[in-house]
Amino acid sequence: TIWPGARSGPSTSSWPWVLELRRLRDLRFPDQSSDRAYFEVGTTLTANHAHAALFGVFGMLALTVLVFCLRAMQSDATWKETQKFVRVGFWGANVGLALMIILDLFPGGVIRLWDSIANGYWHARRLTFLMGGTYHKLEWLRMVGDVVFLLAGALPITLGALRSVWKRDLSPTA
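The paragraphs below set out a description of the structure included in this document. Since the structure is predicted, the reported quantities are computational estimates derived from the model, not experimental observations. (Residues numbered from 1 in each chain as written. Predicted model: local features only at pLDDT ≥ 70, side-chain atom pairs only at ≥ 80, totals over all residues. Heavy atoms only, no water.)

For the protein chain, the count of helices and strands is 7 helices and 0 strands. Listed by position from the N terminus, the elements making up the protein chain come as α-α-α-α-α-α-α. Per-residue burial over the protein chain gives 28% buried out of 174 residues. Relative to all contacts within the protein chain whose residues are 6 or more apart in sequence, the contacts with residues 24 or more apart total 78%. Surface accessibility of the protein chain: about 11900 Å² in total, with carbon and sulfur atoms responsible for 70%. (Helix = DSSP H or I, 4+ residues; strand = E, 2+ residues; numbered from the N terminus. Buried < 20%, exposed > 50% of the residue type's maximum accessible area, 1.4 Å probe, protein only. Contact = heavy atoms within 4.5 Å. Areas by Shrake-Rupley, 256 points an atom, 1.4 Å probe, with all protein chains shown as cover.)

The following block contains the structure:
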């Protein structure tokens, strides 16, 4: 016998999960290949995914809940002025996030992934690679997206939230 206590080897009914894992591995999407995942993890593509997925979905959802609550504190006439801040803030946050991704995170991630595949994972993480060449220029270019995000996104939303609290003209109903 192959395993102690087994009569004549493993029966197919005792390990169907192995076949299921094999089937799932064969059916996975091409972007889930283990080779790509090994070379990508820890590169800027990871940060690209984090910014786009986490803030793009959950951050915007949190801001939506904030605006929903702020709207409940103001009458229609007062909200019209506050809404201008919120509208600019949402567009500024989205445009700033898009600029971060387009100008730095995605191209920088592709450059690091390419270098990692061509020269080894260790090479794409070296300080000489990160602080020189095109990758370093992209890091500085990211400031455009950061400034747009802060000045046209975060600042107007903050001002709109403060205005909603200061100019609250509806009292909570019980």
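What follows deals with the packing of helix 3 (residues 44-71) against helix 4 (residues 76-119). Across the interface, helix 3 lies against helix 4 with an axial gap of 8 Å and an inter-helix angle of 175°. By the angle class used here, helix 3 and helix 4 are roughly antiparallel. Partitioning the contact of helix 3 with helix 4 into residue classes produces 19 nonpolar, 8 polar and 3 charged. (Axes fitted to C-alpha atoms, helices over the stretch in contact; angles between N-to-C directions. Parallel < 35°, antiparallel > 145°, perpendicular 65-115°, else oblique. Nonpolar A, V, L, I, M, F, W, Y, C, P; charged D, E, K, R; others polar.)

Turning our attention to the side chain of S164. Here S164 is to be found in helix 7 (residues 133-166). Overall, S164 belongs to the buried group, its relative accessible area being 0%. With sequence-adjacent residues up to four places away left out, S164 is seen in contact with L70, M73, Q74, W79 and T82.

On to the nonpolar core, then. Counting residues in hydrophobic clusters, the biggest one holds 13 residues, and the most contacted among them are M60, L63, V67, L70, W79, V86 and F90. Elements supplying a minimum of two residues to this core: helix 3, helix 4 and helix 7. (Core = buried A, V, L, I, M, F, W, Y, C linked by side-chain atoms within 4.5 Å.)

Here we take up helix 3. For helix 3, spanning 28 residues, the distance from its first C-alpha to its last is 38 Å, which sits close to the expected 40 Å at 1.5 Å a residue. The axis of helix 3 is deflected most strongly, by about 35°, at F55. Residues T44, L45, N48, G59, M60, L63, V67 and L70 constitute the buried set of helix 3. (Expected span 1.5 Å × (residues − 1). Bend = angle between axes of the 7 residues up to and from the residue.)

On to the pattern of salt bridges, then. Side chains bearing opposite charge may pair, as long as their charged atoms lie close to each other. What the rule picks out here adds up to 3 salt bridges. One salt bridge in this structure joins D76 and R71, with 2.2 Å as the shortest N-O distance. Judged by its relative accessible area of 53%, D76 falls in the exposed class. With a shortest N-O distance of 3.4 Å, E81 and K84 are connected by a salt bridge. (Salt bridge = Lys/Arg side-chain N within 4 Å of Asp/Glu carboxyl O.)

On the surface, F85, V147, L150, L151, L155, L159, L162, V165 and W166 cluster together into a nonpolar patch covering about 860 Å² of accessible area. Residue contributions to the nonpolar patch peak at 8 residues, all from helix 7. Relative to the assigned elements, L155 resides in helix 7. (Patch = residues over 30% accessible without salt bridge, like charges linked within 9 Å, V, L, I, M, F, W, Y side chains within 5 Å.)

Tracing the chain through its elements places D104 in helix 4. Separated by 32 residues in sequence, D104 and H136 have C-alpha atoms that sit 9.5 Å apart. Contact partners of D104, with chain neighbours within four places excluded, come to L99, G109, L138, E139 and R142.

Function cannot be inferred from these measures alone, as they are strictly geometric.
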